[in-house]
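# Observations on the three-dimensional arrangement
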2 protein chains.
Amino acid sequence: MTDVVIAGIGQTEVGEHWDIGLRELAFAAIQDAVKDSGGLKPQSLFVGNMLAPNLSNQAHLGVLLADYAALLGIEAVTIEAAGASGGAALRQGYLAVASGMVDVALVVGVEKFTDKVGAGVDAALATTGDSDFEAIQGMTPSAQAALLMKRYMHEYQVPADGYAGFALTAHANGVANKAAMFRKPIKPETYTKAEMVSDPLNIFDMAPNADGAAALVLTRRDLLPSNFHHSLVKISGSAASSDTLALHDRKDMLFFDTAQISAGKAIKQARLTLNDIDFFEYHDMFSIYAALQLEAVGFAVKGQGWKLAADGEIGLKGRIPSATMGGMKARGFPGGAAGVYQAVDAVTQLRGQAEANQIPDAKIALIQSLGGPASTAVSHILQRL
Amino acid sequence: MTDVVIAGIGQTEVGEHWDIGLRELAFAAIQDAVKDSGGLKPQSLFVGNMLAPNLSNQAHLGVLLADYAALLGIEAVTIEAAGASGGAALRQGYLAVASGMVDVALVVGVEKFTDKVGAGVDAALATTGDSDFEAIQGMTPSAQAALLMKRYMHEYQVPADGYAGFALTAHANGVANKAAMFRKPIKPETYTKAEMVSDPLNIFDMAPNADGAAALVLTRRDLLPSNFHHSLVKISGSAASSDTLALHDRKDMLFFDTAQISAGKAIKQARLTLNDIDFFEYHDMFSIYAALQLEAVGFAVKGQGWKLAADGEIGLKGRIPSATMGGMKARGFPGGAAGVYQAVDAVTQLRGQAEANQIPDAKIALIQSLGGPASTAVSHILQRL
């Protein structure tokens, strides 16, 4: 079998789209991706979505979107793994094409947070944790991240502004990204003076929930249309792993096992080593997640992930550029679409289309999508051919 | 690559399990299936679930179940396509094993209706239709099925008791099925005197929502353990198709295009013809669905599906035995588990383990899982080797 390649990418601007519905958002991204692929005709649709049954009172998104995008007749299904839904949908699309049963797969991530407000959003988000043992006690994702931050600061003597580098890097990189929700750089004092959400987690330690959709067209290399004119990006590694929903069930809550396992498998499948990776799109829903992912994957030793950010090593010219188009912090966090946006960003870099944010001669990317505090991790290696 | 086979099956009794939680239900089925497979170790978990984010306030079921079943570390993801979630999860498991990337896949369907009652269930079920254009107007699945029944009766001069054969057959076959919710035969007058739900749909024209879980272990033929002792069943065809969510958008609402397309593809992949099929597990959530599936697949001409039931042709000794273990009508409808129960029933028949319900020398089964009024259809051919 020839390589599985990402032939088309599409995305909407991320933000509060009060006047655009879930199906319209998804359609915009699908249309862009299909056009970008040179007009490939998908046979299967894999929808990455996290919360539409609660946020939008809408399940059965596969056929809803196939219908609205004039693709009826094709296979259509929703893939859910909380915040990792986008990465998981990409993996299902990859498996389908790799199986030889599907020639062209369309992966679309979509989320519409503004269909609900306030407590409705909190209740929806709480369904991604353990409903019987955590959510019911009032545990929210941001409270959980705050606990992780606090413990990490205690264990490794991290200063009060120790996490600032993640937000500074993301917002610097988001300036030139037309799909990003926030396109202004921030200063160190913006972080230190920021409003507290759940001590020590301030508003710059978390990505904003937002609406958005991103799409990918996958196919086999030998099926590319003759008018395909981009540098070619293949998926050379794909893996996923699971850990407890509840932090209290883990031996070491400050190490993201799934991030290590899934990245390790994907890198091995691609026959690469960590040193081969040119940049890393992590899941910076919370700055602590980014720090722990850098450590789990192996870019930093335990307790030192935050220093990569503080020392500028995750910047575009650093040792391991991360959140290269602004990440979730500056782009916004569109739930089940977030992992698909990561792939769009990585392909943009690998094709050499990242303009002001371009990493010179970027050839190999690691992208990693998380559900909860790495209860799920899905990792992919994308590689320019 | 060698054949993809179903090595293990497991199921819980279907019913109102007020005292058993969603994770416990799933675990019971998983444990049975893994044991039945001779102890194969799954690498990937595909959860078919329809409504847990609403019914049980629980998303992220993949890791919840992997955790509870002591399978942490494995890939785990939820697959949703409304009532076809079980069939869709089976298909994703099949694609994963067929890709060569996964050696052993665990497919589990689970639903816990009794986590909500009354209007809570109706609201959850309404999310599987078009929220913006149908659900918001009060359209429920049973109201929709009643409209289909009425139109069908008008077009084809079907008598008032024309659909009775579906319930009579299902309840006759359910008697000997220990996993069935209802194990009593019914008489023709039970049907004609039954309470009306939404004229002309009476309480025997629909399957009861209920709790349950079923599981399958898939692997490649060459990876079977030496202690495997069942007749071997392979998946020789797999396909899915999509149609509009809303009936009003269809050219002909009395023909289930997706049932025809997906069954046709699956049969073609298996290099069979319709005549080769020994029995058919249809999606008898509503008797009208069963009638329209028999027609779409090709077992009856248009308008005559109901007569197969009325004439006893879907009975165990009929021309095309259907709902051979009681179907959804007698077993109960456990949402996203329903399509997985179909596979369990078919494997039971193909192995020759169906006891009183055994179809002599059954070798080839067609199973078909629907989401909404065939907005999604997923078809599989299971075949004894």
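Report follows, based on the coordinates.

What counts and what doesn't
- Residue positions are given per chain, counted from 1 along the sequence in the order it is written.
- Lettering for chains starts from A, numbering for ligands starts from 1, and both go in the order in which the items are written.
- Residues qualify for local features only when their pLDDT is at least 70, as the model is predicted, and side-chain atom pairs are given and counted only at 80 or more; totals for whole chains, interfaces and linings, by contrast, use all residues.
- The side-chain quantities take in all heavy atoms of the structure and omit both hydrogens and water.
- In this text, helices come from DSSP runs of H or I with a minimum length of four residues, and strands from runs of E with a minimum of two, each type numbered from the N-terminal end.
- It is over C-alpha atoms that the radius of gyration is taken, and the globule rule equals 2.2 Å times the number of residues to the power 0.38.
- Only protein chains enter the accessibility calculation, which uses a 1.4 Å probe. A residue is then buried if its area is under 20% of the maximum for its type, exposed if over 50%, and partly exposed in between.
- The contact criterion used is simple: two residues touch if any of their non-hydrogen atoms lie within 4.5 Å.
- Using a 1.4 Å probe, the Shrake-Rupley method yields the accessible areas, and only the shown protein chains count as cover for residues.
- Once two parts are joined, some of their accessible surface, as seen by a 1.4 Å probe, is lost; buried area is that loss totalled over both.
- Salt bridge, as used here: a side-chain nitrogen of Lys or Arg that lies within 4 Å of a carboxyl oxygen of Asp or Glu.
- Counting of polar contacts relies on pairs of N or O atoms within 3.5 Å, with two restrictions inside protein: one atom must be capable of donating a hydrogen and the other of accepting it, and residues adjacent in sequence are counted only when both atoms are side-chain atoms.
- Pairs of strands are assigned from DSSP output, requiring at least two bridges between the strands.
- Least squares is used to superpose the copies, and the fit set is the C-alpha atoms of residues whose pLDDT is at least 70 in both copies.

## Comments concerning the overall build of chain A
A tally of regular secondary structure across chain A gives 13 helices and eleven strands. A compact globule built from 385 residues would reach a C-alpha radius of gyration of about 21 Å, and chain A, at 19 Å, matches this within 12%. When the backbone C-alpha atoms are referred to their principal axes, chain A occupies close to 55 × 45 × 40 Å. Sorting the 385 residues of chain A into buried and exposed places 67% on the buried side. Contacts in chain A between residues far apart in sequence, at least 24 positions, make up 78% of those at least 6 positions apart. Carbon and sulfur atoms make up 52% of the accessible area of chain A, which totals about 12,900 Å².

## So, the interface of chain B and chain A
Each side of the interface is counted separately: chain B has 55 residues, and chain A has 55 residues. Between chain B and chain A, the buried area comes to about 4,100 Å², and carbon and sulfur atoms account for 51% of it. Counting the surface chain B buries against chain A, the share from its top three residues, His60, Glu80 and Ser242 of chain B, is 15%. Applying the counting criterion to the chain B and chain A interface returns six salt bridges.

## Considerations on the environment of Gln368 of chain B
Residues and elements named next belong to chain B. Here Gln368 lies in strand 10 (residues 364–371). Owing to a relative accessible area of 0%, Gln368 belongs among the buried residues under this scheme. Remark: the alpha-carbon pair of Gln368 and Gly10, spanning 358 residues in sequence, is separated by 19 Å. Beyond its immediate stretch of four places on either side in the chain, Gln368 contacts Ala259, Ser262, Ala263, Phe280, Glu281, Tyr282, His283, Gln293, Val297, Gln342, Val378 and Ser379. In this structure the side chain of Gln368 is engaged in a polar contact, spanning 2.9 Å, whose partner is the backbone oxygen of Ala259. Within the local environment of Gln368, its side chain forms a polar contact with the side chain of Ser379, the two groups lying 2.9 Å apart.

## A word on the pairing of strand 1 (residues 4–11) of chain A
Residues and elements named next belong to chain A. With seven of eight residues buried, strand 1 lies mostly within the body of the structure. With seven bridges connecting them, strand 1 and strand 7 (residues 212–220) associate as antiparallel partners. Note that in strand 7 the partner of Gln11 across the bridge is Ala214. Bridging between strand 1 and strand 8 (residues 233–242) involves two bridges; their strand directions are antiparallel. Looking across to strand 8, one finds that Val5 is bridged to Lys234.

## Here we look at the relation of the copies chain B and chain A
Of the two same-sequence chains, chain B is brought onto chain A (RMSD 0.0 Å, axial shift 0.0 Å) by a rotation of 180°. When the rotation and shift are considered jointly, the pair of chain copies conforms to a two-fold rotation axis. Within chain B, the C-alpha atom positioned nearest to the axis of rotation is that of Ser99 of chain B, 1.7 Å from it. Interface overlap between copies: 100% of the residues of chain B at the interface are likewise at the interface in chain A, consistent with a symmetric, same-surface contact.

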